[in-house]
Amino acid sequence: MSAANVPLSALRLKYMEKKQAFLEENIRVKEPITLFKEWMNQALQTEEIIEPNAASLATVGSDGCPSNRFVLLKDISDEGFTFFTNYGSRKAQNIASNPNVAMTLYWCPLRRSIRIEGVAEKIPQEDSLKYFHERPRASQIGALASEQSSRIPSRKHLDEIEKKIKQELGDDKAVPLPNWGGYLIRPKLIEFWQGQTDRLHDRIVFRKYSGVEKEIDNVLVHPAENGWVYERLAP
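It should be emphasised that the depicted structure is a prediction, and the values quoted were computed from it without experimental measurement.

Caption draft 1: Region of the structure containing the overall build of the protein chain. In terms of helices and strands, the protein chain carries five helices and 10 strands. Along the first, second and third principal axes, the C-alpha set of the protein chain runs to 65 × 55 × 40 Å. Counting over 235 residues, the protein chain shows a buried share of 39%. For the protein chain, the exposed area adds up to about 14,000 Å²; of that, 51% sits on carbon and sulfur atoms.

Caption draft 2: Region of the structure containing the UniProt feature "domain: Pyridoxamine 5'-phosphate oxidase N-terminal" (unreviewed entry) in the protein chain. Residues given the UniProt feature "domain: Pyridoxamine 5'-phosphate oxidase N-terminal" (unreviewed entry) here are residues 47-156. The distance from the first to the last C-alpha atom of residues 47-156 is 36 Å, and the span holds 25% helix and 37% strand.

Caption draft 3: Spotlight on helix α1 (residues 32-44). A rise of 1.5 Å per residue sets the reference length of α1, with its 13 residues, at 18 Å; its end C-alpha atoms lie 18 Å apart and thus fit the reference within 8%. Buried residues along α1 sit against β3 (75-76), β4 (81-86), β5 (100-107), β6 (112-122), β7 (180-194) and β8 (202-207). The residue sitting at the N-terminus of α1 and contributing the capping side-chain oxygen is Glu 31; that oxygen lies 3.2 Å from the backbone nitrogen of Ile 33.

Caption draft 4: Molecular detail of the pairing of strand β10 (residues 229-232). In this structure, β8 lies alongside β10, joined through four bridges in antiparallel fashion. Along β10, the bridge assignment pairs Ile 204 with Arg 232. Of the pairings in the sheet, the one linking strand β9 (residues 222-223) to β10 comprises two bridges and is antiparallel in character. Across the sheet, the residue bridging to His 222 is Tyr 230, located in β10.

Caption draft 5: Local environment of the pairing of β8. A large share of β8 lies buried, amounting to five of its six residues. Across six bridges, β7 lies against β8 in antiparallel orientation. Across the sheet, the residue bridging to Leu 189 is Arg 207, located in β8.

Caption draft 6: Structural view of unusual backbone geometry. Of note in this structure, Arg 111 is not a glycine but carries a positive phi near 55°. One non-glycine residue, Asn 226, lies in positive phi territory at about 55°. You can see Asn 226 is positioned in the loop between β9 and β10.

Caption draft 7: Representation of the packing of aromatic side chains in the model. Overall, the coordinates contain 12 aromatic pairs when judged by the stated rule. With a centroid separation of 4.2 Å and an interplanar angle of 25°, the aromatic rings of Phe 84 and Tyr 131 are classed as stacked. Here Phe 84, found in strand β4, pairs with Tyr 131, found in helix α3 (residues 125-132); they are 47 residues apart in sequence, far enough to count as distant. As far as the burial class goes, Phe 84 and Tyr 131 line up, both buried. Sitting above the plane of the Trp 39 ring, Arg 112 keeps its charged end 4.0 Å from the centroid. One residue, Lys 122, lies across the ring of Tyr 87, its end atom 4.1 Å from the ring centre.

Caption draft 8: How the structure looks around the environment of Tyr 15. Mapped onto the fold, Tyr 15 is located in the segment before α1. In this structure, the C-alpha to C-alpha distance between Tyr 15 and Cys 108, residues 93 residues apart in sequence, is 9.2 Å. When neighbours within four sequence positions are excluded, Tyr 15 is seen to be in contact with Tyr 106, Arg 111, Trp 193, Gly 195, Gln 196, Thr 197, Arg 199 and His 201.

Caption draft 9: Layout of the UniProt feature "domain: Pyridoxine 5'-phosphate oxidase dimerisation C-terminal" (unreviewed entry) in the protein chain. In this structure's numbering, the residues bearing the UniProt feature "domain: Pyridoxine 5'-phosphate oxidase dimerisation C-terminal" (unreviewed entry) are residues 180-235. With 0% helix and 48% strand, residues 180-235 has its two end C-alpha atoms placed 39 Å apart.

Here is what the cut-offs are and how they apply
Residues numbered from 1 in each chain as written. Predicted model: local features only at pLDDT ≥ 70, side-chain atom pairs only at ≥ 80, totals over all residues. Heavy atoms only, no water. Helix = DSSP H or I, 4+ residues; strand = E, 2+ residues; numbered from the N terminus. Buried < 20%, exposed > 50% of the residue type's maximum accessible area, 1.4 Å probe, protein only. Areas by Shrake-Rupley, 256 points an atom, 1.4 Å probe, with all protein chains shown as cover. UniProt positions renumbered as here; feature names shortened; annotations may be inferred. Expected span 1.5 Å × (residues − 1). Contact = heavy atoms within 4.5 Å. Polar contact = N/O pair within 3.5 Å; in protein donor to acceptor, adjacent residues only side chain to side chain. Pairing = 2+ DSSP bridges. Phe/Tyr/Trp six-rings, centres within 6.5 Å; stacked < 30°, edge-to-face > 60°. Lys NZ or Arg CZ within 6 Å of the ring centre and 35° of its normal.

Below, the structure written as structure tokens:
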């Protein structure tokens, strides 16, 4: 049977076994940023994962309609998660009207996923400028040439703009920062998911926001470090 004839409903991927379950007692530090970095390091060391920092970013526009696309996660800090984009793009326009966003990473070879919910805010311009000039020159010129999400008549139109910029800048002139920069997602929720073959998947969620500590009962909701709480959810 050719791949084209395989029904999607029949697709099955073998995940983890029970002896490999993701258990609370195996979390070295009960704090999600530390755990995120540990999982990311494992993804970075897994050869089959070509782009471990690829993340799906969901935003909601002023019309209440969601939009989703992939971005590259470029920094992880105690404050949150940073990505970069054109400030005129659809995602940036959505964030301007509604800063609540969600981000998901999925690493199939590890049978793991991380889901983040939080509030996005622009990072300082000097930080965006610093990272911009750390990028390959071709990427800098590409960002300057493209007014992301705007309509263009053809691919040729884009190539002509790029060519003109290269002629104007030559090989030495610094590429000016376009309407472009970073966003920091300050997380309120971070969920760690690990797939199990019997479909009793592991889901451990960390939450942090004003008043969340009142939910702690040490049965369903447990205290974590740095103001976070954690809980296990049914798959």
